Amino acid sequence: MQKGFILLVSDEIRSLNHKDAYQVILDGVKGGPKEKRLAAQFIPKFFSSFPELADAAINAQLDLCEDEDVSIRRQAIKELPRFASGENLPRVADILTQLLQTDDSAEFSQVNTALISIFKIDAKGTLGGLFSQILQGEDVVRERAIKFLSTKLKTMPDDTMTKEVEDYIFIETKKVLEDVTGEEFVLLMRILSGLKNMQTVSGRQQLVELVVEQAFLEQALNPTDADSVDRLLQCTRQALPLFSKNVHSTRFVTYFCEFVLPSLSLLTSPVAELDIQLEVLKLLAEMSPYCGDMDKLEVNLNMLFEKLLEFMPLPPEEENGENAANEEPKLQFSYVECLLFSFHQLGKKLPDFLIDKISAEKLKDFKIRLQYFARGLQVYIRQLRVALQGKTGDALKTEENKIKVVALKITNNINVLIKDLFHNPPSYKSTVTLSWKPVQKTEAAAIGQKRQSVEDIGATATTKKLPTNLPRRNARQIYNPPSGKYSASIGNFSYEQRGGFRGGRGRGFGGRGNRSRGRIY
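Residues numbered from 1 in each chain as written. Predicted model: local features only at pLDDT ≥ 70, side-chain atom pairs only at ≥ 80, totals over all residues. Heavy atoms only, no water.

Participant: An account of the overall build of the protein chain is needed here, citing residue identities and associated values.
Facilitator: Check the secondary structure of the protein chain and you find 23 helices and 2 strands. Here the protein chain holds 521 residues, and 52% of them are scored as buried. Here the analysis covers contacts within the protein chain between residues at least 6 apart in sequence; of these, 74% occur between residues at least 24 apart. For the protein chain, the accessible surface area stands at approximately 24,000 Å², while carbon and sulfur atoms represent 49% of it. (Helix = DSSP H or I, 4+ residues; strand = E, 2+ residues; numbered from the N terminus. Buried < 20%, exposed > 50% of the residue type's maximum accessible area, 1.4 Å probe, protein only. Contact = heavy atoms within 4.5 Å. Areas by Shrake-Rupley, 256 points an atom, 1.4 Å probe, with all protein chains shown as cover.)

Participant: How would you summarise the nonpolar core if you had to cite specific residues and measurements?
Facilitator: In this structure, Y22, I43, L96 and I169 are the most contacted members of the largest nonpolar core, which totals 142 residues. It is helix α18 (residues 333–347) that provides the largest number of residues to this core, a total of 9 residues. Grouped together as the second largest cluster of nonpolar side chains are 7 residues, L384, L388, A407 and L408 included. (Core = buried A, V, L, I, M, F, W, Y, C linked by side-chain atoms within 4.5 Å.)

Participant: Summarise the packing of aromatic side chains; cite the residues concerned and give the values.
Facilitator: Under the definition given, this model contains 13 aromatic pairs. Relative to F353, the ring of F305 has its centre 5.8 Å away and its plane inclined at 70°; by these criteria the two rings are edge-to-face. In this pair, F305 sits in helix α16 (residues 297–311) while F353 sits in helix α19 (residues 353–357), placing the two residues 48 residues apart along the sequence. Across the pair, exposure class does not vary: F305 and F353 are buried alike. (Phe/Tyr/Trp six-rings, centres within 6.5 Å; stacked < 30°, edge-to-face > 60°.)

Participant: Let's hear about the pattern of salt bridges: which residues, and what values?
Facilitator: The tally for this structure, following the rule as stated, stands at 24 salt bridges. Across the salt bridge formed by K196 and E166, the nearest N and O atoms sit 3.5 Å from each other. Taken as a pair, K196 in the loop between α11 (182–193) and α12 (201–215) and E166 in helix α10 (residues 163–176) lie far apart in primary sequence, 30 residues in all. Between K362 and E306 there is a salt bridge, with its nearest N and O atoms 2.6 Å apart. With K362 in helix α20 (residues 360–388) and E306 in helix α16, the pair connects residues that are 56 residues apart, well separated along the chain. Accessibility expressed as a relative area gives 31% for K362, which makes it partly exposed. Looking at E306, the relative accessible area reads 28%, which means it is partly exposed. One connected set of salt bridges, linked through shared partners, spans E143, K147 and E183. (Salt bridge = Lys/Arg side-chain N within 4 Å of Asp/Glu carboxyl O.)

Structure follows, in structure tokens:
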């Protein structure tokens, strides 16, 4: 074998007379460890000189990529990009994609490096190999190929990620989205959201259309089916960052009003520790500012209004003073913040709703509830201010005080919105930042560069911006106020993470059929 190598090196022309010498090198893959290591280096070195032996050479190198000796496999994988030219490149990309299934970390890193190197040679050809395995390969290969795209595409230079390449990614990803799991859906949306041609209004609208297809908004929701609920939550979370004044959330808001709110108490959570009702209300609140013209605005606004009444109790009967305290209902501030905010946003589109669209008796009942809730609010706001008085900087970062800060934001938000609705006629001019959302730049500028204090929190109902990584949402701090109208102390807080997709493949999304197994290169 070494004689064959010396012969090939000594002859600069490497004519057909030395085809036998190259064949000797190819046969080295059947030898011992020493011959295999030499073959792993020599086969790619002279590959271009013997095009008639191209298939045999690639197959020989492939055998080395599957050798039992990990050092031989790594060497063979490292050299694979040297075969990636012309019509061979998609095949090499396909092979490397299948090799992503390795459990050896060094070998896995070698495969990633090789894929990146051929991606820079021919992005579209490499993508062809990757998407071929995503659509037809084994589950572990599909999973790792999707993760490769979701993490590596954003690192590619602009001259590699051309418009043609991005268009190809969009077309192929649409094919994959026809049958995905929840986790895959999130990763694929992350891939598409990072493309330059998706940053325009029309691009973001295309992404919303893709999410709408996945969300099954043309079907009524089965509130007791955890998979269906999970699908809706997952799709809504992916759509949220796409909404703007030009890309509307109307179809999602309409669906929530028509199919979700009426069944709110029946919703089955896909995650045990997730407060599904609050999760839904928060998503609705976040979408509501971007709702466009709605066909059934009055009907949907009335549904929001009725649901709001459920969480805004009437004052307890005080016929028996000594028992009145036991009858006082719990004020569910977190729920009310979401519903009031959503009602306030949609109410702007039909400002005479509380005047002309409901009866005088119902309006009177609503104002009694608002007044009772507002009185309780003032008590909690005072107690929270006292608890946070004088605390700044690090003192506000303790777990207990962070929760109290959020509680103060919630109560301040509700207070502002209630004041608007008490106007005659009701006003919809005030703006608030939802308690779990980061501070807006305009509000941050108003606070200035001074250290944040409880007074700042009360004034803006916001906190310092937390780092976020899309499409995941921020962690949320939820305030569960104590029962009763007047509590002597602040307590009964809970801290909760926003639930994401959990569980195995197939939840809520299309269950993919069995794919071929084994080597298909």
